[in-house]
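Topology and contacts: notes
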Amino acid sequence: MKLKELLAGVSVLECTADMELDIAGVCHDTRKQMAPGSLFVALTGFAFDGNKYIPMALEKGAAVIVTAKKPESDIPYVLVESDRLALAQIGANYYGHPARSMTMIGITGTNGKTSTTLLLKHVLEVTLGAKVGLIGTMENLIGDCVIPTERTTPESFELQGLFAQMRDAGCTHVVMEVSSHAVALHRVGGVHYDVAAFTNLTEDHLDFHKTMEAYCDAKAELFAHCDKAVINLDSPWAERFNARAPESRIRYSMEKPAELYASDAELRSDGVSFIAHYGEETATVSLPIPGGFAVSNALTTLGVALQLGIKLSEAAAALKTAKGVRGRVEVVPTPGKPYTVLIDYAHTPDGLENVLGSVQTYCKGRLIAVFGCGGDRDPIKRPIMGKIGVEMADLAVITSDNPRTEDPEAIIEDIVKGLPEGAKNYVVICDRRKAIRYAMDIATKDDIIVLAGKGHETYQEINGVKHHLDEREEVTAHLMEMR
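A tally of helices and strands in the protein chain yields 16 helices and 24 strands. By the compact-globule yardstick of 23 Å for 483 residues, the protein chain fits well, its C-alpha radius of gyration being 24 Å. Referenced to the eigenvectors of the C-alpha coordinate spread, the extents of the protein chain come out at roughly 75 × 55 × 40 Å. Looking at the 483 residues of the protein chain, the share that counts as buried comes to 57%.

Structure, rendered in structure tokens:
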């Protein structure tokens, strides 16, 4: 592909390279294999500066450098306004704009993205017979084929490659989680969505965005790049999204009348049911996933389905056959024991409050919460989560999550700072495996243990190294130990 074709639509400030040059490939990471004659995009990051690796890229055969910083040496380069946006646009050009040939759906919000994308994939498959590509926190899917993922939204060039795989595999729809980082760092640059949906917004990623307003605006930017919108009216941030949304929008609510709303909600230990209202239409919705947040996720799913022209009754019928999501209020088998163990990904104050509040509605014994907070992430939420855990659970077992490069005990100290004065219904056990075993050892009839924070993850990151830790395996192993 010629350089001029790769740069179509890119804001070029200056160019010393031959626009007719044939480019063999595109690379933005010198650690990866680079074909001689490639184009190297020097990305400016927070922990690194790709411009420092330009000499290495040239040694490995790069023919042209794309950068937002004018090189001091005499090399073939393209100076662009934004290196990250340029990479996204170059990726789209390189792969032939694959997103344009599929129906694109983006889901953003602090919580609920994963569950909603999986529910929506199921609804599209059942109602339309569609082949659906999914991009998310847990995994990427092309139909039923699983592609492992490292982050919620891949880097832009890899994302375009994934879109191309989906297009070539015959996918007609793509459902993807869109993180605030993905918007702010242009990982989804140049992608236009048929429908964008907002689930909720609570404190998270403030280490990156600094303020809730900036966090909100990063997510709301998604709505400037879509044809139709679905917005959770129950969120106090809804109006900020509403202001950015296109005219075609469906707002939904669990609490008040809206274009789409729920009534007569029934929360059970095995799922939820409610009546969905949209204009003159009503439909009974049953979902085999427990928790009040399941109602909200179902409404998001129904809203997107409606925007895609699917009837309310058809979408509601499809939800009845949906399955629970791994790591989201997931029941772990405990044969022979009179208590229940649940695993949930709740790792934010709102997520922890939601899952504990939901379990409270059907817990007949004690509610035992095992939780911690991740390292190298927003430390402000740590005392908030400590307060929520102690106030909402009968017993809080405060432990380690993914400390990453931080001291696990220092993270726990931050959590404990938020506990109400005189609180006694908690214990601190830094070792997560021991914390799980302690909770199981003290649990009695009708108790419910909530293992919060890890969800679908099967590792614990300590000192920057990922160690295998699957909480399902830990529960099973301790049951065998007790026998």
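Text resumes after the structure shown.
Here the focus is the sheet that holds strand β22 (residues 448-452). Judged by pairing direction, the sheet is mixed, and its 6 strands sit side by side in the order β17-β18-β22-β19-β20-β21 without closing on themselves. In this open sheet, the two edge strands, each paired with only one partner strand, are β17 (330-332) and β21 (426-428). Pairs of neighbouring strands in the sheet enclose a mean axial angle of 20°, with direction left out of account. Strand direction decides the pairing type here: strand β20 (residues 395-398) and β21, joined by 3 bridges, are parallel. Bridging from a neighbouring strand, Ala-396 pairs with Tyr-426 of β21.

Empty space left among the atoms is revealed by rolling a probe the size of a water molecule over them. In this structure, the second largest pocket occupies an estimated 360 Å³ of space. Every residue lining the second largest pocket is counted, 16 residues in all, and those nearest its centre are Leu-118, Lys-121, His-122, Leu-141 and Lys-323. Among the elements that make up the lining of the second largest pocket, the one with the highest residue count is helix α4 (residues 113-128) (5 residues). Here the residues of the lining of the second largest pocket are counted per class, giving 6 nonpolar, 4 polar and 6 charged.

For the structure on display, the rule yields 5 aromatic pairs. Each ring, one from Tyr-94 and one from Tyr-95, has its centre 5.0 Å from the other, and the planes form 80°; the classification is edge-to-face. Accessibility expressed as a relative area gives 30% for Tyr-94, which makes it partly exposed. Judged by its relative accessible area of 26%, Tyr-95 falls in the partly exposed class. A centroid spacing of 5.4 Å and a plane angle of 50° characterise the contact between Tyr-94 and Phe-157, whose relative ring orientation is tilted. Pair noted here: Tyr-94 is in helix α3 (residues 83-94) and Phe-157 is in helix α5 (residues 156-168), with a separation of 63 residues, a long-range link.

Turning next to the environment of Gly-386. Summarising the element assignment, Gly-386 is placed in helix α13 (residues 381-392). In this view, Gly-386 contacts Phe-371, Ile-415 and Leu-419; residues no more than four positions away in its chain are not counted.

What follows concerns α13. The end-to-end C-alpha separation of α13 is 16 Å, in line with the 16 Å expected for 12 residues at 1.5 Å each. Listing the buried residues of α13 in full gives Lys-381, Arg-382, Met-385, Gly-386, Ile-388, Gly-389, Val-390 and Met-392. The secondary structure elements touched by the buried residues of α13 are α12 (349-360), β19 (367-371), β20, α14 (408-416) and β21.

Relative to each other, α12 and α13 sit at 10°, their axes nearing to 9 Å. In terms of orientation, α12 and α13 fall into the roughly parallel class. Listed contacts from α13 to Pro-349, Leu-352, Glu-353, Leu-356, Gly-357 and Gln-360 of α12 are Lys-381, Ile-384, Met-385, Ile-388, Gly-389 and Met-392. Of the residues that constitute the contact of α12 with α13, the class distribution is 7 nonpolar, 3 polar and 2 charged.

Another point: the nonpolar core. One finds Leu-260, Phe-274, Leu-287, Leu-302, Val-304 and Leu-319 to be the most contacted residues of the largest nonpolar core, which totals 38 residues. Top element by residues in this core is helix α10 (residues 292-307). It accounts for 8 residues. Setting aside its immediate chain neighbours within four residues, Phe-274 contacts Ala-262, Ser-263, Asp-264, Ala-265, Ala-283, Thr-284, Val-285, Val-295, Ala-298, Leu-299 and Leu-302.

Now for the sheet that holds strand β2 (residues 26-27). Two orientations exist for strands paired in a sheet by backbone hydrogen bonds: parallel and antiparallel. Spatial strand order, β1-β5-β4-β3-β2: 5 strands in an open sheet with mixed pairing. What marks the edges here is a single partner per strand, and that holds for β1 (12-15) and β2. When strand β3 (residues 38-41) meets strand β4 (residues 62-67), the two strands line up parallel, connected through 4 bridges. Looking at the pairing, Phe-40 lines up with Ile-65 of β4. The strands that α3 touches are β2, β3, β4 and β5 (77-80); relative to β3, the one it contacts most, it runs at about 150°.

Turning our attention to the pairing of strand β14 (residues 260-268). Here 2 bridges tie strand β13 (residues 249-253) to β14, and the two strands are oriented parallel to one another. Pairing of Ser-253 across the sheet is with Tyr-261, part of β14. Of the strand pairs in this sheet, β14 and strand β15 (residues 271-278) are connected by 7 bridges, and their pairing is antiparallel. Paired with Glu-266 across the bridge in β15 is Ser-273. The turn joining β14 and β15, which pair antiparallel and follow one another in sequence, is formed by 2 residues.

Applying the stated criterion to the full structure yields 1 cavity of 30 Å³ or more. In this model, the largest cavity occupies a volume close to 40 Å³. The wall of the largest cavity is formed by Thr-114, Thr-117, Leu-118, Leu-134, Gly-136, Thr-137, Met-138, Glu-139 and Glu-177. Tallying contributions element by element places α4 first for the lining of the largest cavity, with 3 residues. Of the residues that constitute the lining of the largest cavity, the class distribution is 3 nonpolar, 4 polar and 2 charged.

Moving on, we get to unusual backbone geometry. A positive phi angle, close to 45°, is found at Val-329, a residue other than glycine. Residue position: Val-329 is located in the loop between α11 (312-319) and β17. Here Val-329 falls in the buried class, since its relative accessible area comes to 6%. One non-glycine residue, Arg-404, lies in positive phi territory at about 55°. Tracing the backbone shows Arg-404 in the loop between β20 and α14. Taking the relative accessible area as the measure of exposure, Arg-404 reaches 14% and is therefore buried.

Conventions and cut-offs
Within each chain, residues carry numbers counting from 1 in the order of the written sequence. This being a predicted model, a pLDDT of at least 70 is required before a residue's local features are given, and a value of 80 or more before pairs of side-chain atoms are given or counted; all residues contribute to the totals for chains, interfaces and linings. The side-chain quantities take in all heavy atoms of the structure and omit both hydrogens and water. For helices the rule is a DSSP run of H or I covering at least 4 residues; for strands it is a run of E covering at least 2, with both sets numbered from the N terminus onward. The quantity called the radius of gyration is restricted to C-alpha atoms. Its globule counterpart is 2.2 Å times the number of residues to the power 0.38. Using a 1.4 Å probe on the protein chains alone, a residue whose accessible area is under 20% of its type maximum counts as buried, one over 50% counts as exposed, and one in between counts as partly exposed. Two strands make a pair as long as DSSP finds a minimum of two bridges between them. Geometry is summarised by axes, namely lines fitted to C-alpha atoms with helices restricted to the contacting stretch, and by angles between N-to-C directions that run from 0 to 180 degrees. Only protein atoms enter the 1 Å grid, on which a cavity is a set of points fitting a 1.4 Å probe that cannot get out and a pocket is an open set with protein on both sides within 12 Å along at least 5 of 7 lines, lining residues being those with an atom within 4 Å of a point. Grid points are joined across faces, edges and corners, and a volume is the space filled by probe spheres set on the points. The nonpolar class holds Ala, Val, Leu, Ile, Met, Phe, Trp, Tyr, Cys and Pro. Asp, Glu, Lys and Arg form the charged class, and all remaining residues, Gly among them, are polar. Only the six-membered ring of Trp is used, alongside the rings of Phe and Tyr, when aromatic pairs are assigned; centres must lie within 6.5 Å, and planes under 30 degrees apart are stacked while those over 60 apart are edge-to-face, with the rest tilted. The contact definition used throughout considers only heavy atoms, calling two residues in contact when any of these lie within 4.5 Å. Every helix has an expected span of 1.5 Å times one less than the residues it contains. Note on angle classes: values under 35 degrees are labelled roughly parallel, values over 145 roughly antiparallel, values of 65 to 115 roughly perpendicular, and the remainder oblique. To qualify as a nonpolar core, a set must consist of buried Ala, Val, Leu, Ile, Met, Phe, Trp, Tyr and Cys residues joined through side-chain atoms within 4.5 Å.

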